[in-house]
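If you want the building blocks of each chain, they are given just below.
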Amino acid sequence: MDYNFREIEKKWQQYWIDHQTYKVTEDASKQKYYVLDMFPYPSGAGLHVGHPLGYIASDIFSRYKRSQGFNVLHPMGYDAYGLPAEQYAIQTGQHPAITTRNNIARYREQLDKIGFSFDWSREVQTCDPAYYKWTQWAFIKMFHSYYCYDAQQARPIDELVDVFSREGSGRLNVACTEELNFSAEEWKAKSEVEKQQTLMNYRIAYLGDTMVNWCAALGTVLANDEVSEGLSIRGGYPVEQKKMRQWCLRVSAYAQRLLDGLDAVEWTDSLKETQRNWIGRSIGAEMQFKTQNGVSFDIFTTRADTIFGVTFMVLAPESELVQALTTGAQRAEVEAYLEKTKKKTERERIADKSVSGVFSGSYAIHPFTSEQIPIWISDYVLAGYGTGAIMAVPAHDSRDYAFARHFNLSIIPLIEGCDVSEESFDAKEGIMVNSGFLNGLTVKEAIPRAIDKIEDLGFGRRKVNYRLRDAIFSRQRYWGEPFPVYYKEGIPHTLPIDRLPLELPEVSKFLPTETGEPPLGHAMNWAWDEENETVVSTSLIDRKTVFPLELNTMPGFAGSSAYYLRYMDPHNDRGLVSEKADQYWRNVDLYVGGTEHATGHLIYSRFWNKFLHDLGVSAEEEPFKKLVNQGMIQGRSNFVYRIKNTNTFVSLNLKDQYDVTPIHVDVNIVSNDVLDMEAFKKWNPEYKTAEFILEDGKYLCGWAVEKMSKSMFNVVNPDDIVEKYGADTLRLYEMFLGPLEQSKPWDTNGIDGVHRFLRRLWNLFFDGDRLSVSDGEASKDELKSLHKLIKKVTSDIETFSFNTSVSAFMICANELTQLKCGNRSVLSDLLVCIAPFAPHIAEELWHLIGNQTSVCDAKWPAYNEEYLKEASFPYAISFNGKSRYVLEFPAEATQQEIEMAVLSHPNSAKWLDGKTPKKVIIVPKKIVNVVV
RNA sequence: GCUCGGAUGGUGGAAUGGUAGACACGCAAGACUUAAAAUCUUGUGACCAUAACGGUUGUGCGGGUUCAAGUCCCGCUCCGAGUACCA
């Protein structure tokens, strides 16, 4: 009987739907296990073979855990808000909701073909109002919260109002944008508007005037993780710095907890390191410098020990101090410099390594020596880090050194024997000199000593600084979650929670308005009637109770920050997740996804979860216990070589004899690097009359590893693989390709081997057309082969080494074929082991040999060491570490017996060369090494 | 620049410090076939050698530890990823 994978896969996929095989409910009698994939953004291009890699791995793990008796939650959904659908809408007028719906349908169809064990009844889509209701809800909660450092948690903002009216802002230890100082009386004297403005300084979701990454081409601001090297990640457009009033999330308040939490999770070291760098904790001192004209300002330094080497100060051009410290004589020059730097984009500023700056005219007073120190302005100092001002120590900082050299400022070396004639000495080692009370100390001793002294004298204090900045949460886009916010006298107010969701309105255009407002400015019905608590027409804004709604929308990461919680209880309309569901599922045990989210999604969702944890909504502090990063599957492009100015193509190994141009050719008309010439002629009208110069009667194509993309013609669609070989082959082959974490090119050259294995497995159950399975005792050899497999596969799955499991299946199937194994119990256990990898064929054979229930419900077999015991073991016999021959010894042979046998063996004579051995090392069951 | 990975046959890749190259692709030879495909069997790191046995060498480079190193340590080279005027 033939292995008809098309029929089998269709049949069982339907069976699983009909029997709701993968539906899961909370079951207190079973231990839970939560396996999650990073949900996809449904792009118009559909899935390519790279996408399912992680999904297959997590599916194997889910099925394995399930057959071990765990209650496994394995959901899937869509991150459905995003730029491409909106860009497409701008170009074509097609509503993004329609594009998104179509794309989702296409994704679903593709995913279904691969046979995943997702519980689709729990599907979520971030653009669904029933879902984003809870995104908006969380935002409102953040708006009404502040972060208390003493309690190390988010607290209701009303508490803060109480404190202000009792004792003012005096002794607060809370996260804020700016340190404010006011008394209870001053608070009470504030107008309502002033009070609201003050509270903004403390809210976790706040409106702030911050420097943002503005992308003019996309018409929106972007978060730091959406920008790389001054270009937008999506589209690669230039990004400039601009001061704008935007919604922000006070992620920085959670910096320390985000850092500490990393110790508690099982992630790869490199990913933890990436997050640590992104959070960027550095310990140092904040110091106050006075100037002669009475203004004083703070700087941050990690090198307080170098205080005696300060020869100038530098302000960031954007710093507010620039105005206060620029003297009349220098004003014109400073203005010109500010104008020049403002024009530069971030990218240009990075690319431009030349030193630039301008003297402000003012001098700071050195706190220890009382010397006058010139204050400069330069764009190498960043406004967003520390205080936007630095003390420059040219001898021990390469940037300060370059600046000092360029402007001929003095350089004072502070470390014994260091040479600063050519470059600065940046290392934190050596003995201090020229440094007053620090002389004679090592750098490591001097740093804390200097800070102590600074604190004693009241010039400054110890300070921990984080690179992590607050997340900018507004986007000037249409296709995103609307903010549940309206403005009354310019002050933002949140909608009542029971009026959520605030649904995204229809707009006539997806572009910004003529007045430069975001696309929601086109909405006809986008005002809030406070009295009736409904959305009403914008034209009613003149009425007393009707106010304009927020025109910005939320960024992409808003919807993906708590989706794992929603899967626990996706249809709940009274809460994001019920306490019962949350207490049962708690957090994600295994999260599978790409590293590209290391500094975006994985920071934001950890922050979001910590906030919800503070609210008591999420049971766990960390959302993702274990995280596995699957590697990227790259494309393997094929090339044909056209002889210049002709329509003749020459095969790979002959191309050097001609002057040729390599041309990308669709990988789908190439098989094992051999071109299908007829298909090539049809592929593009230009090649209809193509002629070929062949080698061995074939046209061989060249190849290269590149990103998988349409323009390289190297996109491989999983549907085509499923059609040709079946889903089980695709699943096994993607795993067989190499280690899960590693990036690798897609290459179909080896897929036949995996497909052959499945056919051999199939044939193992048949004798001609007859099923040949019998009951009875399994033979020793059969049990040994089976249990070797169970042991190997069990440990492989636990360590995500799926590629070697596939090899183990092949070996076992071959051994059982050799043994003509037809034993029902052996074959049953074999199927249970294979089922996570190739569920369709396993299910079919499982039923054929007489089982009534699904193989998904079968219990994972335990291996028995008894069967693996060997009667004898091969020993590698080595002389001086070089292995020479192999001998078998019974398991119970003593070391003495083995030594005797080896030394008296005829093969040994040659290596002993008449000498007596100095030492014989015997590693039981492995090796005998004779040292001569 | 800094941080983290990696380098093993023609190819993808296996190897708790203990017979390097499992498994698969590819290739070669053979069987079946009028033929091809499919399938099955055998061989396959390189070099030397043979009637046959066999030997030498070999995990990016140079050292070290060890009876024994792809694996551990030190110093490089190259490749990949992340990140960066972060004071």
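Higher on the page you've got the structure.
What you are looking at is a predicted structure, and each value in this text was computed from that prediction instead of being measured.

Asks: Go over the protein's contact with RNA strand B, please, and point to the residues and values.
Replies: The local shell around RNA strand B holds 49 residues, among which Thr302, Tyr385, Arg399, Arg756 and Lys926 are the closest. The protein-proximal atoms of RNA strand B, defined as those within 4 Å of the protein, are 60% sugar or phosphate. One of the side-chain nitrogen or oxygen atoms of Arg469 is found 3.5 Å away from a base nitrogen of RNA strand B. One of the backbone nitrogen or oxygen atoms of Asn749 is found 2.9 Å away from a sugar or linking oxygen of RNA strand B.

Asks: Tell me about the environment of Trp683, and please be specific about residues and values.
Replies: Checked against the element boundaries, Trp683 lands in helix H20 (residues 677-683). Distance from Trp683 to Val665, taken between C-alpha atoms, is 9.1 Å for residues 18 residues apart in sequence. Contact partners of Trp683, with chain neighbours within four places excluded, come to His664, Val665, Asp666, Ile669 and Phe713.

Asks: Account for the pairing of strand E4 (residues 153-156), with residues named and values stated.
Replies: In this structure, strand E3 (residues 145-148) lies alongside E4, joined through 4 bridges in antiparallel fashion. Opposite Ser145, over in E4, you have Pro156 as the bridge partner. In this antiparallel pair of consecutive strands, E3 and E4, the connection spans 4 residues, and Gln152 shows a positive phi of 50 degrees.

Asks: Could you give me a rundown of the pattern of salt bridges, with the residues and numbers involved?
Replies: Evaluation of the coordinates by the stated rule reveals 42 salt bridges. A salt bridge links Asp452 to Arg462, with the nearest nitrogen and oxygen atoms 3.4 Å apart. Of this pair, Asp452 sits in helix H15 (residues 443-456) while Arg462 is found in strand E16 (residues 460-466), placing the two residues 10 residues apart along the sequence. On the basis of relative accessibility, which here comes to 34%, the residue Asp452 falls in the partly exposed class. Assessed through its relative accessible area of 36%, Arg462 is described here as partly exposed.

Asks: Hey, could you go over the sheet that holds strand E5 (residues 205-215) for me, with residue numbers and the actual values?
Replies: What links the strands of a sheet is backbone hydrogen bonding, and the strands pair in either a parallel or an antiparallel sense. The 4 strands are arranged E6-E5-E9-E17 in an open sheet whose pairing can be described as antiparallel. Two strands bound the open sheet, and with one partner strand each, they are strand E6 (220-222) and strand E17 (471-472). As defined by bridge partners, strand E9 (residues 240-249) adjoins E17 across 2 bridges and the pair is classed as antiparallel. Residue Leu249 lies in a different strand from E17, and its bridge partner there is Ala471.

Asks: Describe in detail the packing of aromatic side chains, supporting the description with residues and values.
Replies: The full count for this structure, using the stated rule, is 70 aromatic pairs. The interplanar angle of 55 degrees and the centroid separation of 5.4 Å between the aromatic rings of Phe164 and Tyr202 together place this pair among those described as tilted. Of the two residues, Phe164 is situated in helix H6 (residues 157-167) and Tyr202 in the loop between helix H8 (192-200) and E5; the sequence distance between them amounts to 38 residues. Take Phe164: its relative accessible area is 0%, and that puts it in the buried class. Look at Tyr202 and you get buried, because its relative accessible area is 2%. On the basis of an interplanar angle of 85 degrees and a centroid distance of 5.0 Å, the ring pair of Trp683 and Phe713 is categorised as edge-to-face. Of this pair, Trp683 sits in helix H20 while Phe713 sits in the loop between strand E31 (702-706) and helix H21 (718-725), placing them 30 residues apart in sequence. When its relative accessible area of 24% is taken as the criterion, Trp683 is described as partly exposed. Its relative accessible area of 35% is what places Phe713 among the partly exposed residues.

Asks: Hey, could you go over unusual backbone geometry for me, with residue numbers and the actual values?
Replies: Along the chain, Leu500 connects to Pro501 via a cis peptide bond; the corresponding omega equals 0 degrees. Mapped onto the elements, Pro501 comes out in the loop between strand E19 (491-494) and strand E20 (527-529). Positive phi values are uncommon outside glycine, yet Asn408 reaches one of about 60 degrees. Among the structural elements, Asn408 can be located in the loop between helix H14 (398-407) and H15. The exposure class assigned to Asn408 is exposed, which follows from its relative accessible area of 71%. With a phi close to 60 degrees, Phe800 is a non-glycine residue in the positive phi region. Structurally, Phe800 can be placed in the loop between helix H24 (780-798) and helix H25 (802-818).

Asks: Lay out the environment of Met554 in plain terms, naming residues and giving numbers.
Replies: Assignment of secondary structure puts Met554 in the loop between strand E22 (546-548) and helix H16 (556-560). Judged by its relative accessible area of 3%, Met554 falls in the buried class. For the pair Met554 and Pro739, spaced 185 residues apart in sequence, the C-alpha to C-alpha distance is 37 Å.

Asks: So what about the side chain of Asp728? Which residues, and what values?
Replies: Take Asp728: it is sitting in helix H22 (residues 727-736). The charged side chain of Asp728 is buried without a salt bridge, its nearest counter-charge being Arg731 at 4.8 Å. With near-sequence residues (within four places) excluded, Asp728 lies in contact with Tyr3, Glu9, Leu758, Ala838, Pro839, His840 and Ile841.

Asks: Please provide a residue-by-residue account of the sheet that holds strand E23 (residues 588-593), values included.
Replies: On the basis of which strands lie adjacent, the open sheet formed by 4 strands has the order E2-E1-E23-E24 and parallel pairing. Taken across any chain shown, the strands that pair with only one partner, and hence form the sheet edges, are strand E2 (71-73) and strand E24 (624-629). Pairwise comparison of adjacent strand axes, ignoring direction, gives a mean angle of 20 degrees for this sheet. Judged from the 3 bridges that link them, strand E1 (residues 32-37) and E23 form a sheet pairing that is parallel. Note on E23: the bridge partner recorded for Asp37 is Val592. Sitting on the sheet, helix H2 (residues 52-67) is in contact with E1, E2 and E23, with an inclination near 170 degrees to E1. In the packing of helix H19 (residues 601-615) onto the sheet, the strands contacted are E23 and E24, and the crossing angle to E24 comes to about 170 degrees.

Conventions and cut-offs
- Residues numbered from 1 in each chain as written.
- Chains lettered and ligands numbered in written order.
- Predicted model: local features only at pLDDT ≥ 70, side-chain atom pairs only at ≥ 80, totals over all residues.
- Heavy atoms only, no water.
- Near = heavy atom within 4 Å.
- Polar contact = N/O pair within 3.5 Å; in protein donor to acceptor, adjacent residues only side chain to side chain.
- Helix = DSSP H or I, 4+ residues; strand = E, 2+ residues; numbered from the N terminus.
- Contact = heavy atoms within 4.5 Å.
- Pairing = 2+ DSSP bridges.
- Salt bridge = Lys/Arg side-chain N within 4 Å of Asp/Glu carboxyl O.
- Buried < 20%, exposed > 50% of the residue type's maximum accessible area, 1.4 Å probe, protein only.
- Phe/Tyr/Trp six-rings, centres within 6.5 Å; stacked < 30°, edge-to-face > 60°.
- Lys, Arg positive; Asp, Glu negative; His and termini not counted.
- Axes fitted to C-alpha atoms, helices over the stretch in contact; angles between N-to-C directions.

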